[in-house]
Amino acid sequence: MAVILYDISYEICALIFLSVVAVHFFSEYRFPSITNLIFKIILGATFFYTLLDIATAYTISYNDRFSFLLNLMLNQLFFMLLIFLAPLIYLFILSLTDKLTKKNRVFIGISFLPWLALFIIWVLNPIRGGFFTFDIYNDYIHGPFYYLIFIISAFYLCLALCMTVINRKVIQKKQFVAIFMFSVFFFVALSIQYYNPSLLLSGMAACLAVVMVYLTLQNPADMLDDLTGCLNRTALLRFIKERMKKKACCNAIIVSLDDLPEINKLFGMDTGNEVLFNFAKFLKGISKKAFVFRLMGDTFIIATDKQKECFEIKDIISGKLKTSSFTEDINIKISATLCYTRNVRCPAQESDVMLILLEGLQAAKSKGKGSVFEISQAFADSVIFSFDMRSILKETLEKQDLQIWLQPIFSPATGKIIGAEALSRILHPEKGIISPADFIPLAEKTGMITEISRQVLEKICSFIKEHEPFRYEGFECISMNLSVADIMQNDFPVKVNDCIEKHDLVPGSVIFEITETAAALGSDTLKNNMEKLCEKNHEFAIDDFGTGYSNLSTLTNLPFLILKTDRSVMPDDLSDKKQTSVFMKLIDLFKGVGLDVIVEGVETKEQHDLLLRLGVKYAQGFYYARPMPMDEFAKFIKTVNS
Ligand code: C2E
Ligand code: MG
Ligand code: MG
């Protein structure tokens, strides 16, 4: 029985180096990127590989002191790690070059076929001895496929090098040099070991490779917040890109301390910082699987992979806030506003995730200090929808591209069109026709409504001027809808007069509709503006009457000449005696007050017949015609009124 003596001194040095790297790596709070995760695996695999290299050198050399089974198991394990090392480095390069994606799964799958062959040989090794076996004296000998490990490892190193060269633009220069160097080290060491098996070098080569990669890893401090040691905003954006989007779900809790500015003012900045530091420490300690980011001064985000954890963390934070003060010397009551996601899908853009979370926090804050708000999928969708809509609307208005559709207003008695209502639309290349219900409320909130009204007035004035001959066919006017913000502008009457004069039109060509809800506000500015315009013979209609909470005094106090009933006022089922008689009484009442009535929402012949019987002068609804683009309306009126 021959005793093989291995030189293990390099492998012992390698173990010491690796231990230092491991201690340093694990002592920092690191960003949970895939690159860091793969590095962790490489570090662990290299450590155990080197350890096993030493152990097996010992058990092979002194096989008479160890059982055959132990010798076999240790060598089997050693070979498993050996066949893993080079492919792991290849995976690491793929992640570094952003190629570890679902899109590349076929290519990655195919590139792992040689490894699969090695794995099968490894599984069969105890019975077939492909990589190693023991002779009749229990001495270790290499199997027929031993050399394959070196060839296939070299293949993965070459592949890793090729990926590095091809994608050098996305890799930093220092990373490029390091990857190049470690591939060379590894290759040279494996070759020496192949030709001189008693000199154990592969652990040392792998260790050098690990150290070089370690030096190129992102400095964890770049991703950390100085004061609290939490991950910072840059890390959050990367986390969303790498983790949330891969898992396709957005599980996060956003928590904002309510009184930090007051604490700073009353107790000083140091106490404020102490609260922040201790609060962050508490958040970081809640779960090992959750990651804590400091988003801004007093706001933190805790991101997890699981929805269940999201609920648990939210409850733990709420509970802790009730009992702790987060300061040592002074007992300060801290409150925080919280919001958390419930089964929310991760949107396509990273910035949209932030938008949803920030809007959620805003919603929580609007409920008051210490509130908790749940971000549902519907909430997330509405945030994204209104954000998209805001930019669509802005662009449409900038390009003066708002579409005006006209819905004819008929005289039920004559069957002729006497007017039309202007209704806005946006024509979007992807979304198609966007209804005003989707953008008018947003425009009112953002102040864009006044620009909408300006453009609508401008377009209908041009249209009326262009089609003046309609007037001789019984066509009287076009009405447009106004919002509260329009009529509240002090210079609104001047703007209207200027536009009407510019197009050389007579007042009354455009009628202004104000909803019942807006009119019910009854402010002085509203009344003054209406009166100024009425003095110049402009006319107003009260719109959607029957939906708001105004009383009849609104009608008499403000100078309305026309009343438009809301769709809901028109009875659907005329056999319902109660509803129909209420409607008939209302029409009588409005006529009694001296108002012209336009009944909206006429959809059936029966409803039209009822209006005829009641002597209603004007009607609007799908029974007569739907809203249509201006040029179509121009043709339509010719066929109906001539
Ligand atoms: P509105 O002023 O009450 O306009 C009437 C709405 O009822 C229109 O919806 C019209 O298409 C619909 N309608 C008409 N007849 C019928 C019917 O028989 N059955 C049914 N089911 N619906 C009918 P649209 O165009 O979607 O407009 C919705 C609302 O958006 C308008 O209600 C108005 O308040 C607002 N709006 C539209 N354009 C503008 C605008 O340029 N400025 C402002 N401030 N508001 C606008
Ligand atoms: Mg209207
Ligand atoms: Mg209406």
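Rules used in this analysis
- Residues numbered from 1 in each chain as written.
- Chains lettered and ligands numbered in written order.
- Predicted model: local features only at pLDDT ≥ 70, side-chain atom pairs only at ≥ 80, totals over all residues.
- Heavy atoms only, no water.
- Donors = N, O, S within 2.8 Å, 3.2 Å for Na, K, Ca; no water.
- Helix = DSSP H or I, 4+ residues; strand = E, 2+ residues; numbered from the N terminus.
- Domains from an automatic or database assignment.
- Buried < 20%, exposed > 50% of the residue type's maximum accessible area, 1.4 Å probe, protein only.
- Pairing = 2+ DSSP bridges.
- Right-handed = clockwise from strand over helix to strand, strands pointing away.
- Axes fitted to C-alpha atoms, helices over the stretch in contact; angles between N-to-C directions.
- Parallel < 35°, antiparallel > 145°, perpendicular 65-115°, else oblique.
- Left-handed = near helix turned anticlockwise from the far one by under 90°.
- Contact = heavy atoms within 4.5 Å.
- Salt bridge = Lys/Arg side-chain N within 4 Å of Asp/Glu carboxyl O.
- Near = heavy atom within 4 Å.
- Polar contact = N/O pair within 3.5 Å; in protein donor to acceptor, adjacent residues only side chain to side chain.
- Areas by Shrake-Rupley, 256 points an atom, 1.4 Å probe, with all protein chains shown as cover.
- Nonpolar A, V, L, I, M, F, W, Y, C, P; charged D, E, K, R; others polar.
- Expected span 1.5 Å × (residues − 1).
- Patch = residues over 30% accessible without salt bridge, like charges linked within 9 Å, V, L, I, M, F, W, Y side chains within 5 Å.
- Lys, Arg positive; Asp, Glu negative; His and termini not counted.
- Disulfide = S-S within 2.5 Å.
- Arc of directions from axis to C-beta.

1. Some remarks on the coordination of the magnesium ion (ligand 3)
Okay, so step 1: Listed as protein donors to the magnesium ion (ligand 3) are Asp543 (OD), Asp544 (OD) and Glu600 (OE); their distances from the metal cover 2.1 to 2.4 Å.
Okay, so step 2: If you list the donors of the magnesium ion (ligand 3) from N- to C-terminus, the spacing comes out as D-D-x55-E.
Okay, so step 3: A gap of 3.8 Å separates the magnesium ion (ligand 3) and the magnesium ion (ligand 2), which Asp543 links by coordinating each metal. Note that Asp543 is positioned in strand β13 (residues 539-545) and Glu600 in strand β15 (residues 596-600), a separation of 57 residues in sequence.

2. Remarks on the domain arrangement of the protein chain
Okay, so step 1: Considered domain by domain, the protein chain is made up of domain 1 (9-220), domain 2 (224-375) and domain 3 (393-641).
Okay, so step 2: In this structure, domain 2 and domain 3 have C-alpha centres spaced 48 Å apart.

3. So, the coordination of the magnesium ion (ligand 2)
Okay, so step 1: Within the first shell, the magnesium ion (ligand 2) binds the protein through Glu421 (OE), Asn481 (OD1), Glu513 (OE) and Asp543 (OD), at distances of 2.0 to 2.2 Å.
Okay, so step 2: Read N to C, the donor residues that coordinate the magnesium ion (ligand 2) are spaced as E-x59-N-x31-E-x29-D.

4. Thoughts on the pairing of β15
Okay, so step 1: Counted residue by residue, β15 has four buried out of five residues, so it is predominantly covered.
Okay, so step 2: When strand β14 (residues 562-565) meets β15, the two strands line up parallel, connected through four bridges. Bridging across to β15, Thr565 finds its partner in Val599.
Okay, so step 3: What joins β14 to β15 is helix α22 (residues 577-592), and the crossover it makes is right-handed.

5. Describing the packing of helix α13 (residues 350-366) against helix α14 (residues 377-398)
Okay, so step 1: Contact geometry for α13 and α14: axes closest at 9 Å, N-to-C directions at 110°. If you check the angle between α13 and α14, you find them roughly perpendicular. The two elements α13 and α14 cross, and the hand of that crossing is right-handed. Counting all contacts with α13, which are made through Asp352, Leu355, Ile356, Glu359, Gly360 and Ala363, the residues of α14 involved are Phe379, Ala380, Val383, Ile384 and Phe387.

6. Describing the pattern of salt bridges
Any two side chains of opposite charge can pair if their charged atoms end up close together.
Okay, so step 1: A complete count under the given rule lists 16 salt bridges for this structure.
Okay, so step 2: With its nearest N and O atoms 3.9 Å apart, the salt bridge here joins Asp504 to Lys465. A residue pair is termed long-range when its members are at least 10 positions apart, and Asp504 in the loop between α18 (492-502) and β12 (510-515) and Lys465 in helix α16 (residues 449-466) qualify at 39 residues.
Okay, so step 3: Here the salt bridges do not stand alone but share partners, grouping Glu421, Glu513, Lys564 and Glu600 into one network.

7. Observations regarding the site of ligand 1
Okay, so step 1: In the region of ligand 1, 22 residues are neighbours, and Glu421, Ser424, Asn481, Glu603 and Phe622 sit closest.
Okay, so step 2: A distance of 3.1 Å is found between a nitrogen atom of ligand 1 and a side-chain nitrogen or oxygen belonging to Gln407.
Okay, so step 3: Separating a nitrogen atom of ligand 1 from a side-chain N or O atom of Glu603 is a distance of 2.5 Å.
Okay, so step 4: Within the complex, the protein chains bury 84% of what would otherwise be the 800 Å² of accessible surface of ligand 1.
Okay, so step 5: Every element with two or more residues in the shell around ligand 1 is listed here: β9 (417-428), α15 (436-446), α16 and β13.
Okay, so step 6: Split by residue class, the shell around ligand 1 holds eight nonpolar, six polar and eight charged.

8. Looking at α16
Okay, so step 1: Its 18 residues give α16 an end-to-end C-alpha distance of 26 Å, which sits within 8% of 26 Å, the value for a rise of 1.5 Å per residue.
Okay, so step 2: Listing the buried residues of α16 in full gives Ile449, Ile452, Ser453, Gln455, Val456, Leu457, Ile460, Cys461, Phe463 and Ile464.

9. Some details on the sheet that holds strand β7 (residues 372-375)
Okay, so step 1: Taken in spatial order, the five strands of this open sheet run β4-β5-β3-β6-β7, and their pairing is mixed. The open sheet is flanked by β4 (291-296) and β7, the only strands paired with a single partner. Pairwise comparison of adjacent strand axes, ignoring direction, gives a mean angle of 20° for this sheet.
Okay, so step 2: Of the strand pairs in this sheet, strand β3 (residues 251-257) and strand β5 (residues 299-304) are connected by six bridges, and their pairing is antiparallel. Bridging from a neighbouring strand, Ser256 pairs with Thr299 of β5.

10. Digging into the side chain of Asn75
Okay, so step 1: Mapping Asn75 onto the fold places it in helix α3 (residues 68-96).
Okay, so step 2: On the accessibility criterion, Asn75 (2% relative accessible area) is buried.

11. A few points about a nonpolar patch on the surface
Okay, so step 1: Nonpolar side chains collect at one region of the surface, where Val106, Ile110, Leu113, Leu116, Ile120, Val123, Leu124 and Ile127 lie side by side and expose about 770 Å² of accessible area between them.
Okay, so step 2: Looking at the nonpolar patch, the elements with two or more residues in it are α4 (105-111) and α5 (113-128).
Okay, so step 3: If you tally residues by element for the nonpolar patch, the top one is α5, at six residues.
Okay, so step 4: Within the secondary structure, Ile110 sits in helix α4.

12. Considerations on the side chain of Asp543
Okay, so step 1: It turns out Asp543 is buried and unbridged, and the closest side chain with the opposite charge, Lys564, is 4.7 Å from it.
Okay, so step 2: The residues touching Asp543, leaving out its near neighbours within four places in the chain, are Glu421, Asn481, Glu513, Ile514, Thr515, Glu516, Lys564 and Glu600.

13. Details of the state of the cysteines
Okay, so step 1: Using the criterion set out here, one finds zero disulfides in the structure.
Okay, so step 2: Cys230 forms no disulfide, and the closest cysteine sulfur to it belongs to Cys310, at a distance of 17 Å.

14. So, helix α1 (residues 9-27)
Okay, so step 1: Helix length check: α1 (19 residues) gives 28 Å between terminal C-alpha atoms against 27 Å at 1.5 Å per residue, within 8%.
Okay, so step 2: Every buried residue of α1 is listed here: Glu11, Ala14, Leu15, Leu18, Val21 and Phe25. Viewed along the axis of α1, the buried residues span an arc of 135°, placing them on a single side of the element. More than 90 degrees from the buried face of α1, the exposed residues found are Ile16, Val20, Val23 and Ser27.
Okay, so step 3: Buried positions along α1 lie against α2 (34-61) and α8 (202-216).

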